Amino acid sequence: MTSAPTLHPTPLATHRRDLLARLRQPQTYDLAIVGGGATGLGVALDAALRGLRVVLLESHDFAKGTSSRATKLVHGGVRYLAQGNIGLVREALHERTNLLHNAPHLAQPLPFVMPGYRWWESPFYGAGLKAYDLLAGDAALGPTEFLNTARTRTLLPTVNPQHLRGGVKYWDGQFDDARLALALARSAAAQGALLVNYCEASGLLHEGGKVVGVRARNNDDSSDSGQVFEVRAHCVVNATGVWVDALRQQDGAACGRNTASMVAPSQGIHLVVDKEFFPGDHALLVPKTADGRVLFAVPWLGKVILGTTDTPRHDAAREPEPFGNEVAFILGEAARYLQRAPGRNDVRSIWVGLRPLVKPPQDDGAHADTETKAISREHTVRISKSGLVTVTGGKWTTYRSMAEDVLNKCVAARLLPEVAPCSTAQHRLIGAPTAGAAATSVSAPPGIHQYGTEGPWVEQLPGSSHLLAPNLSEAMVRFAVRYEYARTVEDVLARRNRLLFLNAHAAAQAAPAVAEVMAHELGHRVPIGGFLTLARRYGTLP
Ligand SMILES: Cc1cc2nc3c(=O)[nH]c(=O)nc-3n(C[C@H](O)[C@H](O)[C@H](O)COP(=O)(O)OP(=O)(O)OC[C@H]3O[C@@H](n4cnc5c(N)ncnc54)[C@H](O)[C@@H]3O)c2cc1C
């Protein structure tokens, strides 16, 4: 007789009808958060754990913005060390430990190798990386090691061997950003917070010169689209990433003020290629590219990510376009460091993210085209006269400490009552296996291991052995709809499963089968036209 799988607590259902019914109920929340990326979701979990009544509104899908488009590193930031930003590096190294501990099914240590081609490179960069170890202290994941040429070639089997003089190995972490965002959303919901995707904060509610809530509009095409709700809250946090200025400016206008923009978006692109170009389980760091940046080749979910760039933008498009010179730059740098250079036809997916960098206070908005790589990656919290709290900047790695800081500032400003202190540092996210349990590397192809302790729940749904695409079962799609807020084919193929980011062509091929399963779950037709257009963009180089 086979024993039944161990089932951890029942996952919370995410029926849209129920979420909207809760949103409609007249009540005043302690905290309304606008924006369901890393920043807003981190605040939601922290606040819910402190016992506050929390609602979070996301205009599109959770992590649809920047938070699904990172390089996927949980890192202190070797580059920020070189810039002398010790405080940021130390904080991020500390947070790296928390993240790896609290979500080991989604975030794991990753060894990096920096190859050296000139005599001084390994000693010079190696000394910097030893300092990185020292800063990490107890949070270090493994010692920095100097490598001879043979060992460097063993760890990076396809590295360009010409003039190679050795290398340096060091440790950081990597993660699945969109799935981590979902784990945060679901962990906050498990603590009683109400989170609604496809629900936009279309305006702020003011009374007596103070912000008292937000006007929310249902953006979901299939359920009462366009319906408007008034959501009242003692405190409103604007965590809308590169889009924070829109709400800030509405707030200013309502109070008769002009509000200068605070964000300087900076675009970063990534190219994804097959493992054959860069086999092995170590990442590669190029410490100084031709334009003075760092470049990574990172094994991720069975493929390799090459990136990234740092290109100032003056707009904040939902799906920003990559520029031809960014693609040429990454392929050109890859050709310098890899034995067999990937060509344009080898790129399986290209995706673009916008960093919400905070302008220096004196900046008038006319930043020059080379400037954004020098702008700080630290986060900023601003509270307007009317009480609108805006948080932006920072990094995925530091989402937790950012949330703690925001809430402490809200309490200090008396927008929130004195509540229990922050407890997220030790709070394990939904699906996290118990400490010490073996976890699969994030470099490995995706699979049921990404669900952690919820794996058995997925596998007992219909279709667990019916694959709709490599590593995507029918049961996973059902789970995404029932318990992970998925509403569209894109939600499934871009963020619950990452196929769009790994292989845009394969994602387009899987779309009809995914739509069929979703239609069965949701009880209505699920269109695929928009997704096919998107997949064409992710599969086409400029
Ligand atoms: C190319 C690139 C590489 C990166 N790599 C790394 C990395 O390797 N490691 C790391 O730690 N960090 C990395 N980062 C940084 C990290 O990704 C960001 O700091 C983080 O994702 C920002 O999250 P956010 O929640 O502030 O913004 P977002 O994720 O953009 O979230 C804001 C959300 O607000 C929503 N929204 C906007 N307006 C409204 C409205 N009116 N109503 C409701 N919702 C609204 C948007 O839809 C969006 O989902 C990288 C960033 C980029 C661009």
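A brief report on the enclosed structure follows.

Procedures and definitions
- Residues numbered from 1 in each chain as written.
- Predicted model: local features only at pLDDT ≥ 70, side-chain atom pairs only at ≥ 80, totals over all residues.
- Heavy atoms only, no water.
- Buried < 20%, exposed > 50% of the residue type's maximum accessible area, 1.4 Å probe, protein only.
- Helix = DSSP H or I, 4+ residues; strand = E, 2+ residues; numbered from the N terminus.
- Arc of directions from axis to C-beta.
- Pairing = 2+ DSSP bridges.
- Patch = residues over 30% accessible without salt bridge, like charges linked within 9 Å, V, L, I, M, F, W, Y side chains within 5 Å.
- Areas by Shrake-Rupley, 256 points an atom, 1.4 Å probe, with all protein chains shown as cover.
- Salt bridge = Lys/Arg side-chain N within 4 Å of Asp/Glu carboxyl O.
- Near = heavy atom within 4 Å.
- Polar contact = N/O pair within 3.5 Å; in protein donor to acceptor, adjacent residues only side chain to side chain.
- Phe/Tyr/Trp six-rings, centres within 6.5 Å; stacked < 30°, edge-to-face > 60°.
- Lys NZ or Arg CZ within 6 Å of the ring centre and 35° of its normal.

### Here we look at helix α8 (residues 244–254)
Three or four residues apart is the spacing at which side chains of an α-helix point the same way, because the helix has 3.6 residues per turn.
Piece 1. Among the residues of α8, those classed as buried are V244, D245, L247, R248, D251 and G252. Buried residues of α8, seen end-on, are gathered within an arc of 165 degrees and therefore sit on one face of the element. Across α8 from its buried face, at more than 90 degrees, point the exposed residues A253 and A254.

### Quick notes on the pairing of strand β11 (residues 263–274)
Piece 1. With twelve of twelve residues buried, β11 lies mostly within the body of the structure.
Piece 2. Relative to strand β16 (residues 349–358), β11 runs antiparallel, the two being bridged by ten bridges. Paired with V263 across the two strands is V358, which belongs to β16.
Piece 3. Here β11 runs beside strand β14 (residues 303–307); their pairing, made up of five bridges, is antiparallel. Paired with H270 across the bridge in β14 is G307.

### A short note on a nonpolar patch on the surface
Piece 1. Side chains of W119, W120 and F124 sit close together on the surface and give an oily, nonpolar patch of about 390 Å² of accessible area.
Piece 2. Locating F124 in the fold gives a position in helix α5 (residues 121–136).

### As for the site of the ligand
Piece 1. Neighbouring the ligand are 36 residues, the closest being T39, E58, S67, L73 and T397.
Piece 2. E58 is positioned such that a nitrogen or oxygen atom in its side chain is 2.6 Å from an oxygen atom of the ligand.
Piece 3. In this structure, G394 approaches the ligand through a main-chain N or O atom, which is 3.2 Å from an oxygen atom.
Piece 4. In isolation the ligand exposes 1000 Å². Once the protein is present, 95% of that is buried.

### Considerations on the packing of aromatic side chains
Piece 1. Evaluation of the coordinates by the stated rule reveals 14 aromatic pairs.
Piece 2. Ring centres of F175 and W396 lie 5.3 Å apart, and the angle between their planes is 80 degrees; on these two criteria the pair is classed as edge-to-face. Of this pair, F175 sits in strand β6 (residues 166–175) while W396 sits in the loop between β18 (388–393) and α10 (399–412), placing them 221 residues apart in sequence. Here the two residues F175 and W396 agree in accessibility, since each one is buried.
Piece 3. Taking 5.7 Å as the distance between ring centres and 75 degrees as the angle between the ring planes, the aromatic pair formed by F501 and Y538 counts as edge-to-face. On the criterion of sequence distance, the pair formed by F501 in helix α14 (residues 499–502) and Y538 in helix α16 (residues 529–538) is long-range, its members being 37 residues apart. For the pair formed by F501 and Y538, the shared burial category is buried.
Piece 4. Within the aromatic cluster, the residues linked to one another by ring pairs are F112, Y132, Y170 and F296.
Piece 5. The lysine or arginine in question, R318, covers the ring of W243, its NZ or CZ lying 4.0 Å from the ring centre.
Piece 6. The ring of F501 carries R498 above its face, with NZ or CZ at 4.5 Å from the centroid.

Scope: geometric values only; no functional claims are made or implied.
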